[in-house]
Amino acid sequence: MFIKKLNYKYLGLIKELALTNFKLKYQGSVLGYLWSLVKPLMLFVVLYIVFTRILKIGASIPNYPVYLLLGVVMWGFFSELTAISLGAIVENGDLIRKVYFPRIVLVISVGITSFITFMLNLVVVFIFMAVLRIVPGLDVFLLLLVMFEFFVLTVGVSFFLSALFVKFRDIAHIWEVILSVLFYATPILYPLSMVPVTIGKIMLLNPAAQIIQDARYLLITNQTTTAWNTLSWKYVWIPYILPFIIFIIGYRYFNKSAAKFAEEV
Amino acid sequence: MEKYGNMATNSGKEVVIKVENLSKTFRIPHEKTTTLKGAALGLFTKKRYEKFKALDDVSLEIKEGEFFGIIGRNGSGKSTLLKMLAGIYVPDSGKITINGKLSPFLELGVGFNPELTARENVFLGGAILGLRRSEISEKFDDIVRFAELEEFIDMKFKNFSSGMQVRLAFSLAINAHAEILLMDEVLAVGDSNFQAKCLDEFEDYKKRGKTVVLVTHNIDVVKKYCDRALLLRKGKVFDIGRADKISRQYIEQNVGDEIERTNTEATEEVNKEKNTGVEKVDILNQNQKAGTVFESGSAFFILVRYKIKTRVVNPVFGIVIRDASGKQIFVTNTEFKKVDTSKFDKGLVEVKYKIENILAPGHYSISPAIADSSGRILDWEDDLASFRVVNRDYESGGLVDLEHDIIISGGQK
């Protein structure tokens, strides 16, 4: 892919920047990297108590707490990476004004740290699956494709945001609002079955919803409403194609703007 | 930026940096719009931009192994040019071709993070400068040794003194593997001991035949280390040539600008005077041409124009010439010289002083004055104009340049 070709030379730089990023993230904290494991653990406990014992929302879905946790962890990656990438260029303004390297290196290196956190979170999910004896079906290998699509979506959005933020500082606030809205518009905390059918179908057009539901289907339980088992053939391709379109446009926009970053940042 | 394989020129040395008709304009908005609201509103109001042409049709060629200086006043475009060579800015028009690996040192310690240890910063900083991890590991000991920081290498960078920080940054920069170095006035760093070390490195670079492009204000450095230099003026190439020639031009340019500035300021100020007083000073050389630089040994003229508002009878016109330190070198007036001044009604008066220049080279200022017949000063403009004296064909020092010959007897031929 063209990304790899461009950055082969700068691989070392990406590694160093990502390493620095990671070191600094938990600097001075007592638990350090362990927080990446402790956070989802604690989250699971809270979700379990609230949703199984108190609210009893997800009674219709088996293993609801893990179902929830997976969704929350995945959304966490999306919201964290997009929010952090937003500022990746501007925060490194000093660097950009003094040295040349493909600016995309900054977005990628920031992404690696979030990616590592996400993987650690997934490990916790898998642990819970093992403890609760949830065994995914043979189609679990499709999860790789779903995750790939997920990264494409998240990174694509990140390209856009980081380039836009250089020119328009309100993007930070705007994105915050959009993320909040999206969070509730995506069936993360509540099962899709609670929503009227038509609205549910519209919600599934959102790639984030489609991805999370697909992941849940493959990993946790077949009793999940997904895009492909709900939407008609006319619309089902929309959420699957959107991430790639977003990625290509985002990548192009970023590269076009990159030449002027040093002057504008 | 493109890379060519081989750009050999007639002299046999490859051209490693080639700049062709490079121009760069910055649009500086009067009010920086960084919000959507601002941008949206901006659609309706006329955007006020200031277009600043930082570089105008700059062309140059730098050969392999050259130590090339770029000098010019602040705002002449030197840093912009360097940043364009480094790939940080993109040209509006023109082309830059670089043949070889470039290491830019536009600032020391780029990317250094105070929360990391010195060791970690070396690897980070090295990666930013384009070094591979293996290369950094190889040179690590040399880098630490040059900076004299062996004991502190695992300490957090924020705990270093600024001198130590600078030493490490410079040491890394020096040891970075590169064929072409771009440096931007990173010379004013560290204590004198360290500075001496750095200057030794420059000598080393010259010997090793590395190509260096150096942006600086320091004329001594240009004269000592540079082979050729470029003098930039307001974004345009003023001249490119041998370092000593360019240095001289730079000095003259600077002083000329300074004189022009003080003279322009002076004229503007004085013109506002409502009372009788000095209006303007012009300095002319022996050919009656206006100028600011005069050779000792020839005559020059100081022309002072006074504006008379109310009738004066037998006024005294005079000037004081001061040297760069403010010492009075020469004072004269119509009374001393016993020149008759009669009655002057409202109008303009021009007083011309013809002076045989025996001043030593240096900068001087002129303070003209006018007083009434009783000695009461009507106007005195301190240091209203300035000029510079240069030797004709030999050097001398001190305050005056006396006509002299030197005769030696004895000794062997």
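All residue numbers refer to positions counted from 1 along the written sequence of the respective chain. Following the order in which they are written, the chains are lettered starting with A and the ligands numbered starting with 1. Local features in this predicted model are restricted to residues of pLDDT 70 or higher, and side-chain atom pairs are both shown and tallied only at a pLDDT of 80 or more, whereas totals for entire chains, interfaces and linings draw on every residue.

1. A look at the overall build of chain A
This is how it is decided: Runs of E in the DSSP output that reach at least two residues are strands. Runs of H or I that reach at least four are helices, and both are numbered from the N terminus. Field definition: a residue is buried when 20 or more other C-beta atoms are found within 10 Å of its C-beta, exposed when 12 or fewer are, and partly exposed for counts in between, with C-beta atoms placed from the backbone. Once C-beta atoms are placed from the backbone, any two residues with those atoms within 7 Å are in contact.
When its secondary structure is counted, chain A shows 12 helices and 0 strands. Traced from its N-terminal end to its C-terminal end, chain A shows the element sequence α-α-α-α-α-α-α-α-α-α-α-α. When burial is assessed residue by residue, chain A has 39% of its 265 residues classed as buried. A fraction of 77% describes how many contacts in chain A between residues 6 or more apart in sequence connect residues 24 or more apart.

2. A word on the sheet that holds strand E12 (residues 299-308) of chain B
All names here are of chain B. Worth spelling out the cut-off: When DSSP finds at least two bridges between two strands, those strands are taken to pair. To get an axis, a line is fitted to the C-alpha atoms, and for a helix only the part in contact is used. The angle between two axes follows their N-to-C directions and goes from 0 to 180 degrees.
Spatially, E10-E12-E17 is the arrangement adopted by the 3 strands of the open sheet, whose pairing is antiparallel. The sheet is open, and its two borders are formed by strand E10 (277-284) and strand E17 (347-356), each paired with just one other strand. Strand-to-strand, the axes of this sheet are offset by a mean angle of 20°, without reference to chain direction. Bridge analysis of E10 against E12 gives 7 bridges, and the strand direction is antiparallel. Looking at E12, one finds that Gly277 is bridged to Lys307.

3. Section: unusual backbone geometry
All names here are of chain B. For Glu148, which is not glycine, the phi torsion reads 55° and is therefore positive. Position of Glu148 relative to the elements: it lies in the loop between helix H4 (133-147) and helix H5 (162-175). Phi is positive for Lys338, close to 55°, though the residue is something other than glycine. Topologically, Lys338 is positioned in the loop between strand E15 (328-333) and strand E16 (343-344).

4. Structural notes on helix H7 (residues 104-131) of chain A
Every α-helix winds through 3.6 residues per turn, so residues three or four apart in the chain are directed the same way. Applied cut-off: In this analysis, the expected span of each helix is defined as 1.5 Å times one less than the number of residues it contains.
Counted at 1.5 Å a residue, the expected span for H7 of chain A with its 28 residues is 40 Å, and the 40 Å between its end C-alpha atoms agrees. Arg133 of chain A sits one or two residues past H7 of chain A and shows a positive phi near 55°.

5. With respect to the interface of chain A and chain B
This is how it is decided: Only Asp, Glu, Lys and Arg are considered charged, only Ala, Val, Leu, Ile, Met, Phe, Trp, Tyr, Cys and Pro nonpolar, and every remaining residue, Gly among them, polar.
With 18 residues of chain A in contact, the opposing surface of chain B contributes 24 residues. Among the secondary structure elements, those contributing two or more residues to the side of chain A that touches chain B are helix H2 (11-25), helix H6 (93-98) and helix H12 (237-264) of chain A. Ranked by residue count, the leading element in the side of chain A that touches chain B is H2 of chain A, at 6 residues. Among the residues forming the side of chain A that touches chain B, the class breakdown is 8 nonpolar, 3 polar and 7 charged.

6. A short note on the nonpolar core
Put simply, the test is: Core membership is restricted to buried Ala, Val, Leu, Ile, Met, Phe, Trp, Tyr and Cys residues, and these are joined into a nonpolar core through C-beta atoms within 7 Å.
Core analysis: the largest hydrophobic core is formed by 134 residues, its most contacted members being Leu70 of chain A together with Ile70, Leu182, Val213 and Ala229 of chain B. Excluding anything up to four places from it in sequence, Leu70 of chain A contacts Val125, Ala215, Arg216, Leu219 and Ile220 of chain A. In this structure, Val281, Phe294, Phe300 and Tyr364 of chain B belong to the second largest nonpolar core, which totals 23 residues.

7. Regarding the environment of Val390 of chain B
Residues and elements named next belong to chain B. Structurally, Val390 is set in strand E20 (residues 385-390). Since 13 C-beta atoms lie within 10 Å of it, Val390 is described here as partly exposed. In this structure, Val390 is in contact with Val293, Glu295 and Pro361, ignoring residues within four places of it in sequence.

8. Some thoughts on the confidence of the model for chain B
Residue and element names in this part refer to chain B. In plain terms, the rule: On a range of 0 to 100, pLDDT expresses the predictor's confidence in each residue.
Scored by pLDDT, chain B has a mean of 80; 85% of the residues are at 70 or more. Every residue in residues 1-10 scores below 50 in pLDDT, and together they form 16 contacts with partners more than four places removed in sequence or on other chains. Interface confidence for the predicted complex, expressed as ipTM, amounts to 0.79; the pTM equals 0.69.

9. A word on the sheet that holds strand E1 (residues 15-29) of chain B
Residue and element names in this part refer to chain B. Reading across the sheet, the 3 strands line up as E2-E1-E4 and stay open at both edges, with antiparallel pairing between neighbours. Pairing within the sheet leaves two strands with one partner each, and these edge strands are strand E2 (49-63) and strand E4 (93-98). When strand polarity is set aside, the average angle formed by the axes of neighbouring strands in this sheet is 25°. Examined bridge by bridge, E1 and E2 share 11 bridges and lie antiparallel to one another.

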